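Structural overview
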Amino acid sequence: MEKLSDENTLVPKYLQEYDISEECKELLTTLPSEKGWITKHLYQYQGFWFAPKGLQGALSCQKHFQALDTDILLVTSPKSGTTWLKALSFALINRNKYPNIHSNSNHPLLTTNPHNLVPFWETGLYYNKDFVPDLKTISPPRIFSTHLSYESLPKSVKDSTCKVVYLCRDPKDVFVSFWHFINKLKTKSSETLSLEEAFESFCRGVCPFGPFWEHVLGYWKKSLESSKKVMFLKYEEMKMKPYFYLKEIAKFLECPFSQEEESKGVVDGILNLCSFDKLSNLEVNKTEKVSFNVENKYFFRLGQIGDWKNHLTTEMIEHINSITKQKLANHGLSF
Ligand SMILES: Nc1ncnc2c1ncn2[C@@H]1O[C@H](COP(=O)(O)OS(=O)(=O)O)[C@@H](OP(=O)(O)O)[C@H]1O
């Protein structure tokens, strides 16, 4: 593995390429690899592309994570609305602990970024090669998140009755959001990733945790097979009908809102607290960093549907739409 350079020290820890376990190093030598978006290379494992540290986290979590039936797992392809889903789910399941949501100045979301309240597996809990977290002490329901494909989830998640909430988004917006994010992470000393180069590799499926379409399809199929296990959501639909979908999530997680809660405005309170405007304007999200060393503000850009219109050419739009149609239409999915 390459030596740590000055440039590497500026890259967020979870994307650095050194400090990988022997097991992972050996595995990397056997895997197909391609040029990375921010790390030097991406590696293909179980059909999906990983940065080295992400792969190590995935291996560790596959080996060690023991699901409880009461667990909640939030899954997304990167840039599909993870931060929003984490905030909503955290506020939802902790609503009795932090009541009077409109006026509660002690709510953790006011002072802590959602990524620090709902940890990622591969880039958070399981990212350290020498450490396996003890998650037994967390009181239920435990809530975690991951970008892993359905195929790559730890076996105990599939064997238990824990709940999986999957959120996806129009791949055109995912791509544009991803490209902006990566260029913010890139240090001043490293060259930026051009939109054209990133687009070409995104469309071939080569991006962290890609291919996007296979990722979505894995969870879509599972949600059709087992609607009590996997709830499948779209960012665009949630943006248009947030009240309806927050209630649906609550029902799926078996903590539905009561009539009394609805009439007291609890649903609206959670939606307001977790809105893009509210979260992105909090001091903590303007000035601090998440535990895996990325500026909180990088997780909030526009929070809108359709920014792809401002970035993609007609040719690019036709190309990505045709991939989506070819890969998803037969399965009854479209964006
Ligand atoms: N509260 C809220 N409501 C709606 N949208 C939101 C919210 N918070 C973040 N965002 C937008 O989500 C995009 C970031 O995606 P993720 O949170 O999935 O990023 S990550 O995978 O966790 O890195 C990114 O989308 P773009 O604005 O299109 O880049 C964020 O702005």
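Residues numbered from 1 in each chain as written. Predicted model: local features only at pLDDT ≥ 70, side-chain atom pairs only at ≥ 80, totals over all residues. Heavy atoms only, no water.

- Looking at an unreviewed UniProt entry, one finds the protein named Sulfotransferase and attributed to Pisum sativum.
- For the record of the protein, the UniProt heading Sequence similarities (unreviewed entry) holds the text "Belongs to the sulfotransferase 1 family." (UniProt positions renumbered as here; feature names shortened; annotations may be inferred.)

A short note on helix 17 (residues 314-328)
- With 15 residues, helix 17 extends 21 Å between its outermost C-alpha atoms, agreeing within 8% with the 21 Å of an ideal straight helix rising 1.5 Å per residue.
- Taken together, the buried positions of helix 17 are occupied by Met316, Ile317, Ile320, Ile323, Thr324 and Leu328. Here the buried residues of helix 17 occupy an arc of 130 degrees about the axis, which is enough to place them on one side. Exposed residues pointing more than 90 degrees away from the buried face of helix 17 are listed as Thr314, Glu315, Glu318, Lys325 and Gln326.
- Elements in contact with the buried residues of helix 17: helix 8 (171-185), helix 9 (195-203) and helix 10 (212-225). (Helix = DSSP H or I, 4+ residues; strand = E, 2+ residues; numbered from the N terminus. Expected span 1.5 Å × (residues − 1). Buried < 20%, exposed > 50% of the residue type's maximum accessible area, 1.4 Å probe, protein only. Arc of directions from axis to C-beta. Contact = heavy atoms within 4.5 Å.)

Section: the pattern of salt bridges
- Scanning the entire structure with this criterion turns up 20 salt bridges.
- Arginine 95 serves as the salt-bridge partner of glutamate 261, at 2.8 Å between the closest nitrogen and oxygen. On the criterion of sequence distance, the pair formed by glutamate 261 in helix 13 (residues 259-264) and arginine 95 in the loop between helix 4 (82-93) and helix 5 (114-117) is long-range, its members being 166 residues apart.
- Note that glutamate 214 is salt-bridged to lysine 327, the shortest N-O span being 3.1 Å. Highlighted residues: glutamate 214 in helix 10 and lysine 327 in helix 17, separated in sequence by 113 residues.
- On the accessibility criterion, lysine 327 (27% relative accessible area) is partly exposed.
- Here the residues in one salt-bridge network are Asp19, Lys129 and Asp130, joined through shared partners. (Salt bridge = Lys/Arg side-chain N within 4 Å of Asp/Glu carboxyl O.)

Some points on the side chain of serine 89
- Mapped onto the secondary structure, serine 89 falls in helix 4.
- The buried category is assigned to serine 89, whose relative accessible area is 1%.
- Beyond its immediate stretch of four places on either side in the chain, serine 89 contacts Leu74 and Ile143.

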